[in-house]
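# Reading the structure
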Amino acid sequence: MKETIYHYEDLLNMLDSLLREPTHFWDSFYSDREKGIPFFVNVPDENLVSYFDRNFLNVGKVLELGCGPGRNAIYLAQKGWTVDAVDLSKESLKWAEERAIENNIHINFIHKNIFDLEIEEGTYDFVYDSGCFHHIAPHRRMSYINVVKKALKPNGYFAITCFYEGGLFGGSDISDWEVYRLRSLKGGLGYTDEKLRTVFREFREIEIRKMKVFNQPNHVFGVPDFLTGLFQKE
Ligand SMILES: C[S@@+](CC[C@H](N)C(=O)[O-])C[C@H]1O[C@@H](n2cnc3c(N)ncnc32)[C@H](O)[C@@H]1O
């Protein structure tokens, strides 16, 4: 490695190197499927289901960022969407593939870091992220927004589910600068309504609210201290 910063990308890579390497972490995270992680259930997010129930979304082409074992991608495919679902963990995609086969549905799973995606401008009607964004380091946030903006068609929708600040399952309330002093996201960054609104200020806000809680087993997933947001590209 040259360790010389000539381009913006070199700067991002240098900052990445101060933090946990994500691929190995997530592969080992998924190696034990029985460890009782709440989102290991195979049901979709309650907020995602509610967007359909309230007719915010029509069927089209969707990109899921950080799809993990695929529970939301599977729901979207069952609803008739054409689904591209990306994750950097091979282990999670292996599990997601198995679930898709069990459900007899086709999903285009992509094994990549979301920042290495080659997306044709304006391909998707909808971009969904459940639990990936809060693991994205602050210096990659602007790149994340660019991925979403590039992926969406004009008037396309973007929805997100992320940690609320100081939440039960995570959501550190450290400042962005503190991330680099500590060299850690402390398990994932927490957001508030206002923070999320500010980060995605280039989009039209449709709804920001807390996730509703659903005890399992259930047909939907909902845990306390998660924030959900639905936005539209302007
Ligand atoms: C908390 S899990 C959520 C998984 C899934 N969305 C769910 O709710 O069941 C976060 C996922 O994001 C993925 N991830 C994190 N950073 C990523 C990145 N830069 N590119 C692609 N995937 C990423 C991880 O591998 C992990 O599967």
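Each remark here, short or long, concerns the structure printed above.
Calculation rules
Residues numbered from 1 in each chain as written. Predicted model: local features only at pLDDT ≥ 70, side-chain atom pairs only at ≥ 80, totals over all residues. Heavy atoms only, no water. Helix = DSSP H or I, 4+ residues; strand = E, 2+ residues; numbered from the N terminus. Rg over C-alpha atoms; globule rule 2.2 N^0.38 Å. Buried < 20%, exposed > 50% of the residue type's maximum accessible area, 1.4 Å probe, protein only. Contact = heavy atoms within 4.5 Å. Near = heavy atom within 4 Å. Polar contact = N/O pair within 3.5 Å; in protein donor to acceptor, adjacent residues only side chain to side chain. Areas by Shrake-Rupley, 256 points an atom, 1.4 Å probe, with all protein chains shown as cover. Nonpolar A, V, L, I, M, F, W, Y, C, P; charged D, E, K, R; others polar. Phe/Tyr/Trp six-rings, centres within 6.5 Å; stacked < 30°, edge-to-face > 60°. Pairing = 2+ DSSP bridges. Axes fitted to C-alpha atoms, helices over the stretch in contact; angles between N-to-C directions. Salt bridge = Lys/Arg side-chain N within 4 Å of Asp/Glu carboxyl O.

Turning our eyes to something else, we now look at the overall build of the chain. In terms of helices and strands, the chain carries eight helices and seven strands. Taken over the C-alpha trace, the chain has a radius of gyration of 17 Å; the compact-globule value for 234 residues is 17 Å, and the two agree within 12%. When its C-alpha atoms are laid out on the principal axes, the chain stretches across 50 × 40 × 30 Å. In the chain, buried positions account for 49% of the 234 residues. Contacts in the chain between residues at least 24 apart in sequence constitute 73% of all its contacts with a sequence separation of at least 6.

Turning our eyes to something else, we now look at the site of the ligand. In the region of the ligand, 19 residues are neighbours, and Y30, G66, R71, D87 and S130 sit closest. Measuring from a nitrogen atom of the ligand, one finds a side-chain N or O atom of N113 at 3.0 Å. In isolation the ligand has 600 Å² of accessible area, and contact with the protein removes 96% of it. Taken together, the residues of the shell around the ligand break down into eight nonpolar, seven polar and four charged.

As a further point, take the environment of F221. Following the sequence through the fold, F221 ends up in the loop between β6 (203-210) and β7 (226-233). A relative accessible area of 5% places F221 in the buried class. Among all residues touching F221, those that are not within four sequence positions of it are P38, F39, V41, V43, P44, D45, E46, R71, M211 and Q216.

This part is about the packing of aromatic side chains. Evaluated as defined, the whole model comprises 27 aromatic pairs. Look at W26 and F29: their rings are 5.0 Å apart centre to centre, the planes differ by 70 degrees, and that puts the pair in the edge-to-face class. Of the two residues, W26 and F29 both sit in helix α2 (residues 22-29), three residues apart, roughly one turn of that helix. The class for W26 is buried, based on a relative accessible area of 14%.

The seven strands lie next to each other as β3-β2-β1-β4-β5-β7-β6, forming an open sheet whose pairing is mixed. The sheet is open, and its two edges are formed by β3 (108-111) and β6, each paired on a single side. For this sheet, the mean angle separating the axes of adjacent strands, direction not counted, is 15 degrees. In the packing of helix α6 (residues 141-151) onto the sheet, the strands contacted are β1 (61-65), β4 (124-130), β5 (152-163), β6 and β7, and the crossing angle to β5 comes to about 140 degrees.

What follows covers the pattern of salt bridges. Once the charged atoms of two side chains with opposite charge are near each other, the side chains can pair. Here the structure, examined in full by the defined rule, presents 17 salt bridges. One salt bridge connects D45 with R71, and the closest N-O pair in it is separated by 2.8 Å. Pair noted here: D45 is in the loop between α2 and α3 (46-53) and R71 is in helix α4 (residues 71-78), with a separation of 26 residues, a long-range link. Both residues of the pair, D45 and R71, belong to the buried class.

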